[in-house]
Amino acid sequence: MKFYWIKTNWFIKKIFSNYTWDVSNTGKTVYLTFDDGPIPVVTEWVLGELKKYNFKATFFSIGDNITKHPEIFKKVVSEGHSIGNHTFNHLNGWNNSTEDYIENVARCEEAVSKNINQTLKSRLFRPPYGKIKTAQSKAIQNLDYKIIMWDVLSADFDTTISKEKCLDNVLSNVKPGSIIVFHDSVKAFKNLEYVLPKTLDFLKENNFNCDVL
């Protein structure tokens, strides 16, 4: 597995301070985020787990998945969760031109607009893989998107790590204001199915609140 940070280094946050890495707050609010859905079974299971605790989350959705599974997408919205743009085809910004990348972002936005009859509270964008060129980020911000990164990466997508390690990644690093990344994907589900309920239990027991971005 390629190198990645579980806890985003402070100097990365400082260098790229125009991105949102965490959210300062005086309480004990954290921000759960789910990338790559919506898909059958996994996204629906995540919604069920969140509902048990009355926790809200932000779903960074892939436009192609929204188009394929509109009813699941509408369920995410109807249950009070926030939506973010994750491109239409899960593009790696480093491997694509700015023109193609922005066009793909626009296609995702169209998929979102087509499937909900309300205005989103905020315009959120997360680059797939966290990889985005400077020109791409500037263009996206010029479209009034806020670029959301993360403070804690669960690494649920990494099939080479144990589910126990995945859980430790979250519980050892979460703090008030943390933006935590999970994935509502088939690849991540083996880890997620173990980690998410235990994470939600931990947050509830320690008086954390989970809110949308």
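Presented here is an overview of the structure given in this document. Being a predicted model, the structure only gives us computed values, none of them experimental.

What counts, and at which threshold
- Residues numbered from 1 in each chain as written.
- Predicted model: local features only at pLDDT ≥ 70, side-chain atom pairs only at ≥ 80, totals over all residues.
- Heavy atoms only, no water.
- Helix = DSSP H or I, 4+ residues; strand = E, 2+ residues; numbered from the N terminus.
- Buried < 20%, exposed > 50% of the residue type's maximum accessible area, 1.4 Å probe, protein only.
- Contact = heavy atoms within 4.5 Å.
- Areas by Shrake-Rupley, 256 points an atom, 1.4 Å probe, with all protein chains shown as cover.
- Lys, Arg positive; Asp, Glu negative; His and termini not counted.
- Charge placed at Lys NZ, Arg CZ, Asp CG, Glu CD.
- Patch = residues over 30% accessible without salt bridge, like charges linked within 9 Å, V, L, I, M, F, W, Y side chains within 5 Å.
- Salt bridge = Lys/Arg side-chain N within 4 Å of Asp/Glu carboxyl O.
- Arc of directions from axis to C-beta.
- Core = buried A, V, L, I, M, F, W, Y, C linked by side-chain atoms within 4.5 Å.
- Phe/Tyr/Trp six-rings, centres within 6.5 Å; stacked < 30°, edge-to-face > 60°.
- Lys NZ or Arg CZ within 6 Å of the ring centre and 35° of its normal.

1. Section: the overall build of the protein chain
Stage number 1. Secondary structure assignment for the protein chain yields eight helices and eight strands.
Stage number 2. Projected onto its principal axes, the C-alpha coordinates of the protein chain cover approximately 45 × 40 × 35 Å.
Stage number 3. The buried share of the protein chain, reckoned over its 213 residues, is 53%.
Stage number 4. Taking all contacts inside the protein chain whose residues are at least 6 apart in sequence as the whole, residues at least 24 apart take part in 76%.
Stage number 5. With an accessible surface of roughly 10300 Å², the protein chain has 51% of that area assigned to carbon and sulfur atoms.
Stage number 6. Averaging the locations of the 27 positively and 24 negatively charged side chains of the protein chain gives two centres separated by 3 Å.

2. Brief notes about a nonpolar patch on the surface
Stage number 1. On the surface, Phe-3, Trp-5, Trp-10, Phe-11, Ile-15 and Phe-16 cluster together into a nonpolar patch covering about 720 Å² of accessible area.
Stage number 2. One can find Phe-11 in helix 1 (residues 10–15).
Stage number 3. Judged by its relative accessible area of 34%, Phe-11 falls in the partly exposed class.

3. With respect to helix 4 (residues 70–78)
Stage number 1. Considered for burial, the residues of helix 4 that qualify are Ile-72, Phe-73, Val-76 and Val-77. The arc enclosing the buried residues of helix 4, seen along the axis, measures out at 145°, which places them on a common side. Projecting away from the buried face of helix 4 at angles above 90 degrees are the exposed residues Glu-71 and Ser-78.
Stage number 2. Where helix 4 is buried, its residues meet helix 2 (42–53), strand 2 (58–61), helix 3 (63–68), strand 3 (82–85) and helix 5 (98–115).
Stage number 3. Directly beyond the C-terminal end of helix 4, a positive phi value near 90° is found at Gly-80.

4. Quick word on unusual backbone geometry
Stage number 1. A cis amide bond links Gly-37 to the next residue, Pro-38, at an omega of 0°.
Stage number 2. With respect to the helices, strands and loops of the structure, Pro-38 is situated in the loop between strand 1 (29–35) and helix 2.
Stage number 3. If you check the backbone angles, Asp-36 has positive phi at about 90° while not being a glycine.
Stage number 4. Turning to its location among the elements, Asp-36 is positioned in the loop between strand 1 and helix 2.

5. Focus on the pattern of salt bridges
Stage number 1. Considering all chains together, one arrives at nine salt bridges under this definition.
Stage number 2. We note a salt bridge from Lys-68 to Asp-64, for which the minimum N-O separation is 3.1 Å. With a gap of four residues between them, Lys-68 and Asp-64 both fall in helix 3, about one helical turn apart.
Stage number 3. When its relative accessible area of 54% is taken as the criterion, Lys-68 is described as exposed.

6. Re the nonpolar core
Stage number 1. If you look at the biggest cluster of nonpolar residues, it comprises 63 residues, and the most contacted ones within it are Leu-32, Phe-34, Leu-50, Phe-59, Ile-140, Phe-182 and Leu-192.
Stage number 2. Not counting residues up to four positions away in its chain, the partners in contact with Leu-192 are Phe-34, Val-42, Trp-45, Val-46, Asp-156, Phe-182, His-183, Asp-184 and Pro-197.

7. Considering helix 7 (residues 163–171)
Stage number 1. For helix 7, the set of buried residues is Cys-166, Leu-167, Asn-169 and Val-170. Take helix 7 and look down its axis: the buried residues cluster within an arc of 150°, on one side only.
Stage number 2. Looking at the buried side of helix 7, the elements it contacts are strand 6 (152–153), strand 7 (179–183) and helix 8 (189–205).

8. Considering the environment of Phe-16
Stage number 1. Tracing the chain through its elements places Phe-16 in the loop between helix 1 and strand 1.
Stage number 2. Taking relative accessible area as the criterion, Phe-16 reaches 36% and is therefore assigned partly exposed.
Stage number 3. For the pair Phe-16 and Met-149, spaced 133 residues apart in the sequence, the C-alpha separation amounts to 10.0 Å.

9. Observations regarding the packing of aromatic side chains
Stage number 1. Inspection of every chain in the model, using the stated rule, returns 12 aromatic pairs.
Stage number 2. Considering the side-chain rings of Tyr-4 and Phe-157, the 5.4 Å spacing of their centres and the 65° angle between planes classify their relative orientation as edge-to-face. Residue Tyr-4 is found in the segment before helix 1, and its partner Phe-157 is found in the loop between strand 6 and helix 7; the two are separated by 153 residues along the sequence.
Stage number 3. Plain terms: the ring middles of Tyr-53 and Phe-55 are 5.6 Å apart, the flat faces sit at 20° to each other, and that makes the pair stacked. With respect to class, Tyr-53 is no different from Phe-55; both count as buried.
Stage number 4. Taken together, the ring pairs in this structure connect Trp-5, Trp-10 and Phe-11 into an aromatic cluster.
Stage number 5. Positioned above the aromatic ring of Phe-208, the side-chain terminus of Lys-28 is 4.5 Å from the ring centre.

From the geometry alone we can't say anything about function, so treat these as descriptive.
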